[in-house]
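So the chains spell out like this:
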Amino acid sequence: MEAPLAERIRPQHLSQYISQLHLVGPNGSLTHQISRGIIPSLILWGPPGTGKTTLAQIMAQESKRPFYTLSAINSGVKDIREVIDKAKQSSGLFTAKNPILFIDEIHRFSKSQQDSLLAAVEKGWVTLIGATTENPSFEVIPALLSRCQVYILNAFTKEDLEALLKRAIETDTILKTKNIQLKETEALLRLSGGDGRKLLNIFELIINASDAEQIEITNEKVMQLVQKNTVLYDKTGEQHYDIVSAFIKSIRGSDPNGAIYWLARMIEGGEDVKFIARRMLILASEDIGNANPTALIMANNTFQAVTTIGYPESRIILSQCAVYLATSAKSNASYMAIGKAQQIVKQTGDLPVPLHLRNAPTKLMKELGYGDEYKYSHDFDNNFAAQEFLPDELSNTTFYEPGNNARERELRQFLKNRWEDKYGY
């Protein structure tokens, strides 16, 4: 049986690898390690179809190491132990031939499965490379995470995806025998959702559907063929991210009906309850914030509850939280404030802390004026004393602009009463 296009043109060497220059470009954080064959245990975190598996295989090939692979979807503790035993037999401790154990979708491993990897990683029997689409801080146990470096893969750009298509046309043994005219790419790129593997699967579907001597790829042709083959896209990474996007936007838009519909879609699709709850936890701060601080408490309690309970009962808790967040007052003021502050920090660098705000634990520091002229707020009326809390260069800079909702209008008045004209509240 013929291998899929994505497998046929999978890069075999680092020079063929597209994108992720921050990791494997000339000055990439992994380039030097790969060239020397000194590869630490690591986690590759990034969206679907961005080359995590390919990069792991290239690392093994370039460093001439044995390569073992497991998928978290269909592997248990027994499978892990069998692979580790094989790896131990083919390696010496701390040698350059240390085998690589690649685990795809490591976030799906249970705690006990992850625990079973600890000794092998700790003692150097294997170099672990895990691939995940989920934040490893949430999904990988701390003991294992502390033994691994985390490297982030970025979503493919338009240029990256078009380069994949060009490579397929020029190098694939089957495609290069055909006369393919790539007239338009927008529909292909949109349907791929930034997933390189999915892009190549759709492209191959389009090519195979034509018997013409010259195959012209247009947006219209792509959409017509895809609509006839909708079953191909039922369980894709794109749908996963599109539906949670619709869910979050419904809550942000204060529509509990839209929120519940998309929640039901995720539940019926078997989505991870923690994934859903985490997204609501982020939204509670990003989109509601101080317009209703209880929203963050509600979302955090929801996350804790569904982590304990699981399906099917957790659907009720998720529904309650989604409705609460959707019907809450909204504000992105805190989200905007930290974004503005981070941008200023990047522009201005490490500005010195004003002397009166510095800590003075030693006699010398006190003699140098550390902490002098600091006004202890509780010694003043209303527990407030007007003083400068920013570096001199940023004096009077306003980061937090209260939102237009009942609670934050009160906060604006509170700040105006305290600071008068200093910050323009």
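Every chain's residues receive numbers from 1 upward, in the order its sequence appears when written. Confidence filtering applies because this is a predicted model: local features only for residues at pLDDT of at least 70, side-chain atom pairs given and counted only at 80 or more, and all residues used for totals across whole chains, interfaces and linings. As a convention, hydrogens and water are excluded, and side-chain values are obtained from all of the structure's heavy atoms.

A. Inspection of the sheet that holds strand β3 (residues 100–104) at higher detail. Whether two strands pair depends on DSSP finding at least two bridges between them. Working definition: helices are DSSP H or I runs of at least four residues, strands are E runs of at least two. Numbering for both runs from the N terminus. If you trace the five strands from one edge of the open sheet to the other, you get β2-β3-β4-β1-β5, paired in parallel fashion. Looking at the sheet topology across the chains shown, the edges are occupied by β2 (67–71) and β5 (149–152). The sheet shows a mean angle of 20° between the axes of neighbouring strands, direction not considered. Bridge count for strand β1 (residues 42–45) against strand β4 (residues 127–132) is four bridges, and the pairing is parallel. Paired with Leu 42 across the bridge in β4 is Ile 129. Docked against the sheet, helix α4 (residues 52–62) engages β1, β2, β3 and β4, running at close to 175° with respect to β3. Orientation is described by axes fitted as lines to C-alpha atoms, over the contacting stretch for helices, and by angles from 0 to 180 degrees between their N-to-C directions. Here, two residues are considered to be in contact whenever any of their heavy atoms come within 4.5 Å of each other.

B. Summary view of the pairing of β1. As paired strands, β1 and β5 are joined by four bridges and run parallel to one another. Residue pairing for β5: Leu 42 is matched across the bridge by Gln 149.

C. Structural view of the pattern of salt bridges. Basic side-chain nitrogens of Lys or Arg form a salt bridge, by our definition, when they fall within 4 Å of a carboxyl oxygen of Asp or Glu. Throughout the structure, instances matching the rule amount to 14 salt bridges. Residue Glu 162 pairs with Lys 158 through a salt bridge whose shortest N-O separation is 3.0 Å. Of the two residues, Glu 162 and Lys 158 are both situated in helix α9 (residues 158–171); the distance of four residues between them amounts to about one turn of the helix. On the basis of relative accessible area, Glu 162 is assigned to the partly exposed category, the value being 26%. Judged by its relative accessible area of 44%, Lys 158 falls in the partly exposed class. For the salt bridge of Asp 287 with Arg 252, the shortest nitrogen-to-oxygen distance reads 2.8 Å. Placement of Asp 287 in helix α15 (residues 273–288) and of Arg 252 in helix α13 (residues 237–252) is noted, with a sequence separation of 35 residues between them. Among the charged side chains, a network of salt bridges with common partners joins Glu 134, Glu 139, Lys 274 and Arg 278. Buried residues are those whose accessible area, probed at 1.4 Å on protein chains only, stays under 20% of the maximum for their type, while exposed residues exceed 50% and partly exposed ones sit between those limits.

D. The arrangement of the confidence of the model for the chain in detail. Residue-level confidence of the predictor is what pLDDT reports, using numbers from 0 through 100. Of all residues in the chain, 95% have pLDDT values of 70 or greater, and the mean over the chain is 88. Taken element by element, the predicted model of the chain shows its lowest mean pLDDT in helix α19 (residues 363–367) (76) and its highest in helix α17 (residues 314–326) (96). Across residues 229–236, confidence stays below pLDDT 50; counting only partners more than four residues off in sequence or on other chains, it has nine contacts.

E. Molecular detail of α17. Expected span of a helix: the number of residues minus one, times 1.5 Å. With 13 residues, α17 should reach 18 Å at 1.5 Å per residue; the first-to-last C-alpha distance of 18 Å fits that figure. Along α17, the residues that are buried comprise Ser 314, Leu 318, Cys 321, Ala 322, Leu 325 and Ala 326. Relative to the axis of α17, the buried residues are bounded by an arc of 130° and lie together on one face. Looking at α17, the residues exposed on the side facing more than 90 degrees away from the buried face are Ile 316 and Gln 320. The directions from the helix axis to the C-beta atoms form the arc being described.

F. The side chain of Asp 172, seen in detail. For Asp 172, the location among the structural elements is in the loop between α9 and β6 (179–182). What makes Asp 172 buried here is its relative accessible area of 2%. If near-sequence neighbours (up to four positions away) are discounted, Asp 172 is found in contact with Leu 5, Arg 8, Ile 9 and Arg 167.

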